[in-house]
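Residue-level structural notes
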Amino acid sequence: MQLAVIVLAAGEGTRMRSSLPKVLHSIAGLPLIGHVLSTAFALTADHVVTVLGHQKDLVSEFITEHFPSTIVTEQGPTPGTGAAVEAGLAALPKGFKGEVLVLSGDVPLLDVTSISELVEMHRDSSNAATLISTILDNPNGYGRILRSQESLIGIVEQKDASESDLLLTEVNAGVYVFDRDHLDNALLNVTTKNAQGEKYLTDVVSIMLEQGQSASAHPINDHWLVAGINDRHQLSQVAAELNSRIVKAWQLAGVTITEPATTWIDVTCQLGTDSTLLPSTRLHGLTQIGAKATIGPDTTITDSSVGQGATISRSQVSSSEILDNSSVGPFAFIRPGTVLGAEGKIGAFVEVKNSVIGPGAKVPHLSYVGDASIGEGANIGAGTIFANYDGVTKHRTTIGAFAKTGSGNTFVAPVTIGDGAYTAAGSTIRRNVESGALALNPAAQKNLSGWVLANRPGSKSARAINLDTE
């Protein structure tokens, strides 16, 4: 039996109060629509259709880039979920006669297992429609499930519900499986005669039942799986719940997470066994953490790879590679294009950008390294500046293997320091230094005797001099 998935993503999402379409708001490293489409394609459906409306170009751009095999279509002028499903059906290849699964683009936690079970129940029961419901303590805003002696007899939207209907706590989750032929026939009879003037998909179920077809609603115990997002408060609640589940899954997979409440991990990240995440660690994008690495506390890593046994403390790392057994931080700023070699070190208050730091090389503290190549075993003295920008063009600096540069150096790129060379403290290096050489450019020191007493009489410094001479 063929399966088509229709994802409804045409809503305006006014309660988000945002210039960004609701379904493009992100949790755990993916837009809401990204979570839903990832699940849809994991079902190995024959066709996946997304129905767009509000700011369709923005949403379509994301879908086309990340889910290129999706069929993208637009809802017509008639409002409502029923009209959206009609648009999705029209976009399916001609002759498709299988089952139609309908998902909402703002329900990101629904998993493959739950949907697969729903499809199997639908097939086993030979229903015209099978849907998921859930029980909520506060069902406000949701359509209510209507039953008679436990059998489904209909669904009523909140704005059309009677006072007695509003007391019901079983709600429609907006997840359906339909037989295509029965769905087409029922949609022909759906009208917009309701409080919102919309073509409700929920009316399809009532029409099917009235026509003598079978339909059933199956409550799901984990209501978070079908939690929809309408505003930023709900966005944060669902994000926190998803993160809690991600953290727990990694703990069960062998990762030590010492403070789950302050640790955030995107669903796209990968962590190695026996790695440790300390409090206030945030891992984003396509970040990969190697086995036995220790990250944190107070560390954010985005789209980066961290090798086995590496440590990163109180630092920010973006689009970089930190290789095995190296160390970063505390208070380091690692910008895109940085590669830190195995057993290398980037220390306290160091900023690095677009640079390769070789195996065992060290930039211990208080330095800026931009557009540089630093050889194996080299040591960069404290307070060093790689002056890479001349106001028009960025230039590179090359430091040879096992070179030792003094504190307070400035390397004016482009410049090369040879293997094993030394530079003296306080030097400004403008010319290449050959291997094994010592580079220095000292200025003669001049002391003006008596200057403080002559120019700062009565100051604390002057009084200190007088005390010293008494």
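What you see is a predicted model, and the numbers here were worked out from it, not measured in a lab.

1. Observations concerning the overall build of the chain
- A count of helical and extended segments in the chain gives 10 helices and 41 strands.
- The C-alpha atoms of the chain give 32 Å as radius of gyration, which overshoots the globular expectation for 470 residues (23 Å, by more than 25%).
- Each principal axis of the C-alpha atoms in the chain carries an extent, and together these give about 110 × 50 × 45 Å.
- When the 470 residues of the chain are sorted by exposure, 47% land in the buried category.
- If you take every contact in the chain between residues at least 6 apart in sequence, the share linking residues at least 24 apart comes to 40%.
- Surface exposure of the chain reaches about 22200 Å², of which carbon and sulfur atoms provide 50%.
- Side-chain charges of the chain comprise 32 positive and 45 negative groups, with the mean position of each set lying 13 Å from the other.

2. Remarks on the packing of helix H3 (residues 81-91) against helix H6 (residues 180-187)
- At a minimum axis separation of 11 Å, H3 and H6 run at an interaxial angle of 130°. Overall, the two elements H3 and H6 adopt an arrangement that is oblique. In the crossing of H3 with H6, the sense of the turn from one axis to the other is left-handed. Side by side, H3 and H6 meet where Gly82, Val85, Glu86 and Leu89 of the first sit next to Arg180, Leu183, Asp184 and Leu187 of the second.
- Considering only residue class, the contact of H3 with H6 consists of 4 nonpolar, 1 polar and 3 charged.

3. Overview of the side chain of Thr299
- Mapped onto the elements of the fold, Thr299 is located in strand S19 (residues 299-302).
- In this structure the side chain of Thr299 is engaged in a polar contact, spanning 3.4 Å, whose partner is the backbone nitrogen of Ser315.
- Setting aside chain neighbours within four positions, we find Thr299 in contact with Ser280, Thr281, Arg282, Ile312, Ser313, Arg314 and Ser315.

4. Considerations on the sheet that holds strand S32 (residues 372-374)
- The 9 strands lie next to each other as S14-S17-S20-S23-S26-S29-S32-S35-S38, forming an open sheet whose pairing is parallel. Two strands lie at the open edges of the sheet, namely strand S14 (270-271) and strand S38 (415-417), each paired on one side alone.
- In the sheet, strand S26 (residues 339-340) pairs with strand S29 (residues 356-357) via 2 bridges, with the strands oriented parallel. Looking across to S29, one finds that Leu340 is bridged to Ile357.

5. Some points on unusual backbone geometry
- A cis amide bond links Gly329 to the next residue, Pro330, at an omega of 5°.
- A positive phi angle is found at Asn325, which is not glycine, with a value near 60°.
- One can find Asn325 in the loop between strand S23 (321-322) and strand S24 (327-328).

6. Observations concerning the environment of Ser280
- Mapped onto the elements, Ser280 comes out in the loop between strand S15 (276-277) and strand S16 (281-284).
- Relative accessible area serves as the criterion here: at 19%, Ser280 is assigned to the buried category.
- C-alpha separation for the pair Ser280 and Gly436, spaced 156 residues apart in sequence, amounts to 45 Å.
- Setting aside residues no more than four positions away along its own chain, Ser280 makes contact with Thr262, Asp298 and Thr299.

7. A closer look at the packing of aromatic side chains
- Counted according to the given criterion, the structure contains 5 aromatic pairs.
- A ring pair is formed by Phe41 and Phe67, whose centres lie 6.0 Å apart and whose planes are at 10°; its orientation type is stacked. Here Phe41 is found in helix H1 (residues 32-42), whereas its partner Phe67 is found in the loop between helix H2 (56-66) and strand S5 (71-74), with 26 residues between them in sequence.
- Owing to a relative accessible area of 28%, Phe41 belongs among the partly exposed residues under this scheme.
- On the basis of an interplanar angle of 20° and a centroid distance of 5.1 Å, the ring pair of Phe331 and Phe349 is categorised as stacked. Taken together, the residues Phe331 in the loop between S24 and strand S25 (333-334) and Phe349 in the loop between strand S27 (345-348) and strand S28 (351-353) connect sequence positions 18 residues apart.
- The partly exposed category is assigned to Phe331, whose relative accessible area is 44%.
- By relative accessible area, which is 51% here, Phe349 ends up exposed.
- Following the ring pairs from residue to residue traces out a cluster consisting of Phe41, Phe62 and Phe67.
- Across the ring face of Tyr389, the terminal group of Lys394 is positioned such that the distance to the ring centre comes to 5.3 Å.

Parameters at a glance
Residues numbered from 1 in each chain as written. Predicted model: local features only at pLDDT ≥ 70, side-chain atom pairs only at ≥ 80, totals over all residues. Heavy atoms only, no water. Helix = DSSP H or I, 4+ residues; strand = E, 2+ residues; numbered from the N terminus. Rg over C-alpha atoms; globule rule 2.2 N^0.38 Å. Buried < 20%, exposed > 50% of the residue type's maximum accessible area, 1.4 Å probe, protein only. Contact = heavy atoms within 4.5 Å. Areas by Shrake-Rupley, 256 points an atom, 1.4 Å probe, with all protein chains shown as cover. Lys, Arg positive; Asp, Glu negative; His and termini not counted. Charge placed at Lys NZ, Arg CZ, Asp CG, Glu CD. Axes fitted to C-alpha atoms, helices over the stretch in contact; angles between N-to-C directions. Parallel < 35°, antiparallel > 145°, perpendicular 65-115°, else oblique. Left-handed = near helix turned anticlockwise from the far one by under 90°. Nonpolar A, V, L, I, M, F, W, Y, C, P; charged D, E, K, R; others polar. Polar contact = N/O pair within 3.5 Å; in protein donor to acceptor, adjacent residues only side chain to side chain. Pairing = 2+ DSSP bridges. Phe/Tyr/Trp six-rings, centres within 6.5 Å; stacked < 30°, edge-to-face > 60°. Lys NZ or Arg CZ within 6 Å of the ring centre and 35° of its normal.

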